[in-house]
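Coordinates in review
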Amino acid sequence: MLALADEPLNMSDAAAVLLTQEQIDELLERLPGWTLRQVDGIPRIEKTYKLKDFAQALALTNRIGELAEQTGHHPALLTEWGKVTVSWWTHFLGGLHRNDLIMAARTEQLAD
Ligand SMILES: C[C@H](O)[C@H](O)[C@H]1CNC2=NC(N)=NC(=O)C2=N1
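The structure contained in this document is the topic of the report that follows. Quick caveat: nothing in here was measured; it's all calculated off a predicted structure. (Residues numbered from 1 in each chain as written. Predicted model: local features only at pLDDT ≥ 70, side-chain atom pairs only at ≥ 80, totals over all residues. Heavy atoms only, no water.)

**Examining helix α1 (residues 21-28)**
Filter applied, for reference: Burial here depends on accessible area, computed with a 1.4 Å probe over protein chains only, as a share of the maximum for the residue type. Under 20% is buried, over 50% is exposed, and the range in between is partly exposed. Secondary structure is summarised from DSSP: a helix means a run of H or I of at least four residues, a strand means a run of E of at least two, and numbering begins at the N terminus for each. Within this analysis, the arc is defined by the directions that extend from the helix axis to the C-beta atoms. Throughout, a residue-residue contact means that at least one pair of heavy atoms, one from each residue, lies within 4.5 Å.
Among the residues of α1, I24, L27 and L28 are the ones counted as buried. One side of α1 carries all its buried residues, which in axial view fall inside an arc of 100°. The elements touched by buried residues of α1 are β1 (35-39), β2 (42-50) and α3 (98-111).

**Brief notes about the pattern of salt bridges**
Our working definition: Within this document, salt bridges are pairs made up of a side-chain nitrogen of Lys or Arg and a carboxyl oxygen of Asp or Glu, the two lying within 4 Å of each other.
Enumeration according to the criterion identifies four salt bridges in this entry. Residue E108 pairs with K47 through a salt bridge whose shortest N-O separation is 2.8 Å. Here the residue E108 occupies a position in helix α3, and K47 occupies one in strand β2, the gap between them amounting to 61 residues. Assigned by exposure class, E108 and K47 land together as buried. With a closest N to O distance of 3.3 Å, K52 and D53 form a salt bridge. You can call D53 buried: its relative accessible area is 18%.

Now the structure itself:
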């Protein structure tokens, strides 16, 4: 089975369907440290990475920003001294698509 991070993103609207709670739970098992959170009624997956200082937090922020620009799929990013909080959801669906879990897996690779 393809690793989540290696799967292609599906950006076609036609195939854009929200994940069921069961699918989310199953996929989150493969993403250590990622949690499901509702904000204004919209589900998102979120993780806070710990870094040694602000410069490192900013560097990770920029790596994630580059990934977002390359893929056309963008997270919410909170950059603090020693921390970066990354949140993924699909804006036009108002919820979670498989793409969001794929992007979380790719975020993990950037944080190494
Ligand atoms: C026009 C632009 O491509 C769209 O607004 C993209 C930008 N990045 C995006 N990112 C996310 N997470 N969800 C979207 O629906 C989305 N749409």
